[in-house]
Amino acid sequence: GAGVSQTPSNKVTEKGKYVELRCDPISGHTALYWYRQSLGQGPEFLIYFQGTGAADDSGLPNDRFFAVRPEGSVSTLKIQRTERGDSAVYLCASRIEGAATTGELFFGEGSRLTVL
Amino acid sequence: QQQVKQSPQSLIVQKGGISIINCAYENTAFDYFPWYQQFPGKGPALLIAIRPDVSEKKEGRFTISFNKSAKQFSLHIMDSQPGDSATYFCAASKGTYKYIFGTGTRLKVLA
């Protein structure tokens, strides 16, 4: 497809378990962002990748959260020892960089994480 | 200084009416101000955006008004339609487009 793809769309896990959320950005988009959206709130920034490297990870709440993008395309958000407070929708967005950029972030539909 | 404050939290408008949502920011380094529309179960999608070198931008029924001195910007939806019923988020960013989002406005347009 042409849009940002996120899997799984829904994930239910138990407290203390490990979770991986995947994001497949729009082809050719070198900038990739992860956001977290709690119920009734605006998306909160987690991390931004420029190519393969994390250019800004200032939004990651603690060291249980980690994200990778080894080949500069697909990214995985990893959450260790999940807690009930981690329950949220995790949104991925991508953006074209360079002269062609308009500043628009293209969002996926999100992965809804529920920690029991 | 990184916050973007959005109001109202919710809004009910009659079909054909004008919907107005307001946002305020503190960081004068912000240089890109988009509005996103989100339907239930979907990701946010860009509606319209403005940069601080202009005071107004119009695209169809949607207009952004920008007041740089007051550090405020607003979204106006003219001739509101039931299909406009959604949650709207303002945002602000600088440089790397790391958006800081407002808390959202839930708009309902009555038929």
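Residues numbered from 1 in each chain as written. Chains lettered and ligands numbered in written order. Predicted model: local features only at pLDDT ≥ 70, side-chain atom pairs only at ≥ 80, totals over all residues. Heavy atoms only, no water.

A. Looking closely at the interface of chain B and chain A. Between chain B and chain A, the residue contacts involve 17 residues of the former and 21 residues of the latter. Both sides together, the interface formed by chain B and chain A hides about 1,500 Å², and carbon and sulfur atoms give 53% of it. Interface area lost by chain B to chain A is led by Y97, K98 and F101 of chain B, which between them contribute 32%. Summed over the shared surface of chain B and chain A, the number is 2 salt bridges. (Contact = heavy atoms within 4.5 Å. Buried area = accessible area lost by both parts, 1.4 Å probe. Salt bridge = Lys/Arg side-chain N within 4 Å of Asp/Glu carboxyl O.)

B. Layout of the layout of surface pockets. In this structure, the largest pocket encloses a volume near 810 Å³. Secondary structure elements with two or more residues in the lining of the largest pocket: strand 9 (88-95) and strand 11 (111-115) of chain A together with strand 9 (86-92) and strand 11 (105-110) of chain B. For the lining of the largest pocket, the class distribution of residues is 10 nonpolar, 18 polar and 4 charged. P43, E44 and F45 of chain A together with I100 and F101 of chain B are the residues nearest the centre of the second largest pocket, which is lined by 20 residues in total. (1 Å grid on protein atoms, 1.4 Å probe; cavity = no way out; pocket = protein on both sides within 12 Å on 5 of 7 lines; lining within 4 Å. Points joined across faces, edges and corners; volume = space filled by probe spheres on them. Helix = DSSP H or I, 4+ residues; strand = E, 2+ residues; numbered from the N terminus. Nonpolar A, V, L, I, M, F, W, Y, C, P; charged D, E, K, R; others polar.)

C. Summary view of the sheet that holds strand 1 (residues 5-7) of chain A. Residue and element names in this part refer to chain A. Spatial ordering of the open sheet is given by 1-3-8-7, a layout of 4 strands whose pairing is antiparallel. Edge positions in the sheet fall to strand 1 and strand 7 (65-68), since each of these pairs with one other strand and no more. Averaged over neighbouring strand pairs, the angle between their axes works out to 15° when direction is ignored. Pairing geometry for strand 3 (residues 19-24) and strand 8 (residues 75-79), over 5 bridges, is antiparallel. By the bridge assignment, E20 is partnered in strand 8 with K78. (Pairing = 2+ DSSP bridges. Axes fitted to C-alpha atoms, helices over the stretch in contact; angles between N-to-C directions.)

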